[in-house]
Amino acid sequence: MSMTTNSHAVGIIGGTGLTTLSGLEITGEQTVNTPWGPPSAALVEGRLGSQPVLFLSRHGNPHRIPPHQVNYRANIHALHEAGVRTVVGVNAVGGIHQGMGPAHVVIPDQIIDYTWGRPSTFFEGDLDTVTHIDFTWPYDRTARDTLIHSARAQGVPFSDFGVYGATQGPRLETVAEIRRLERDGCDLVGMTGMPEAALAAELGMRYVCLGLVVNWAAGKSDHIITMAEIEEAIEQGMSGVKRILEASMASLGELTALPQPY
Ligand code: HPA
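Keep in mind that what you see is a predicted model, and the values were worked out from it rather than measured.

A.B. asks: How would you summarise the overall build of the protein if you had to cite specific residues and measurements?
C.D. replies: A tally of regular secondary structure across the protein gives 5 helices and 11 strands. Against the globule reference of 18 Å for 262 residues, the protein gives a C-alpha radius of gyration of 17 Å, in line with a compact fold. Oriented by its inertia axes, the alpha-carbon framework of the protein measures out at about 50 × 45 × 30 Å. Taking all 262 residues of the protein together, 56% fall into the buried category. Relative to all contacts within the protein whose residues are 6 or more apart in sequence, the contacts with residues 24 or more apart total 81%. Of the roughly 11700 Å² of accessible surface on the protein, a fraction of 51% belongs to carbon and sulfur atoms.

So this is what it looks like as structure tokens:
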């Protein structure tokens, strides 16, 4: 893929409901490997509008890798090696905040990590130094502003804030677990937000989450969570997600690379 020095291919990691990105003009495919193993799928090269994009299906294509078994390190490493410096992680989430019901779009600003046992850093093994990245603001401010601007311009209903509670899965939560997350300040719950965001930060990439609420979190509605409900919300909400992506791409591609932190 040809890239000028100040314009990078934008990486899009598609989650549940976004295994392929319609609207992407596909120009090629890269089947790659990394020191951390193979990523979830081939990197699909293409253009969204005129912006070079590398699309990666987080759960594989077809969708088959559960959240706790996604090789997040391989995914982020592969995108970085391919020249990506800005990543949009598209995530299906459950809504906890009362304003964040099914089919609502959220551009969260914070994370609480409840996952466990996932390989979650590039900085381990036989190292010379111990590295602690800053993670005060897990989502890149400029990339968030770009998505927020596009969502407004496209007239897509969305929230420009939210704390993403990342749970281990693959099961959904109990009512008490969601109450606890709510007490902790979580507005959303999902299984794939971490360690993806932290790994991107470790490589000095700009990372932003575009969340689509696909169900009320456990106990937040009068019924249990069904796949039918989730599919309906994806059907309703994914077109808004795609419009935001399309409208944001050129600006995201213009963002300068962050200085490599370490
Ligand atoms: N909980 C956790 N992850 C999710 C949910 C949920 O309710 N919906 C979509 N991903």
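A.B. asks: Describe in detail the packing of aromatic side chains, supporting the description with residues and values.
C.D. replies: On inspection of all chains with the given rule, the structure shows 2 aromatic pairs. An angle of 20° between the planes, with centres 6.2 Å apart, marks the rings of Y139 and Y207 as stacked. Taken together, the positions of Y139 in the loop between β7 (110-113) and α2 (141-154) and Y207 in strand β11 (residues 206-216) put the pair 68 residues apart, joining distant regions of the chain. Given a relative accessible area of 2%, Y207 falls into the buried group.

A.B. asks: Hey, could you go over the site of the ligand for me, with residue numbers and the actual values?
C.D. replies: Neighbouring the ligand are the residues A92, V93, G94, L172, E173, V189, G190, M191, V214 and N215. G94 is positioned with one of its backbone polar atoms (N or O) 3.3 Å from a nitrogen atom of the ligand. Contact distances for the ligand include 2.7 Å between a nitrogen atom and a side-chain N or O atom of E173. Broken down by secondary-structure element, the contributors of at least two residues to the shell around the ligand are β5 (86-95), β10 (188-190) and β11. When residues in the shell around the ligand are grouped by element, the largest group, 3 residues, is from β5. For the shell around the ligand, a count of residues per class yields 6 nonpolar, 3 polar and 1 charged.

A.B. asks: Account for the side chain of E45, naming residues and giving values.
C.D. replies: With respect to the helices and strands, the residue E45 is situated in strand β3 (residues 43-48). Among buried charged residues, E45 stands out as having no salt bridge; its nearest opposite-charge side chain is R47, 8.8 Å away.

A.B. asks: Provide a residue-level description of unusual backbone geometry, including the pertinent values.
C.D. replies: The peptide bond linking N61 to P62 adopts the cis configuration, its omega dihedral lying at 5°. Structurally, P62 can be placed in the loop between β4 (51-57) and α1 (72-81). Its identity as a non-glycine residue notwithstanding, A103 has a phi of 80°, on the positive side. As for its position among the elements, A103 is in the loop between β5 and β6 (105-106).

About the thresholds
Residues numbered from 1 in each chain as written. Predicted model: local features only at pLDDT ≥ 70, side-chain atom pairs only at ≥ 80, totals over all residues. Heavy atoms only, no water. Helix = DSSP H or I, 4+ residues; strand = E, 2+ residues; numbered from the N terminus. Rg over C-alpha atoms; globule rule 2.2 N^0.38 Å. Buried < 20%, exposed > 50% of the residue type's maximum accessible area, 1.4 Å probe, protein only. Contact = heavy atoms within 4.5 Å. Areas by Shrake-Rupley, 256 points an atom, 1.4 Å probe, with all protein chains shown as cover. Phe/Tyr/Trp six-rings, centres within 6.5 Å; stacked < 30°, edge-to-face > 60°. Near = heavy atom within 4 Å. Polar contact = N/O pair within 3.5 Å; in protein donor to acceptor, adjacent residues only side chain to side chain. Nonpolar A, V, L, I, M, F, W, Y, C, P; charged D, E, K, R; others polar. Lys, Arg positive; Asp, Glu negative; His and termini not counted. Salt bridge = Lys/Arg side-chain N within 4 Å of Asp/Glu carboxyl O.

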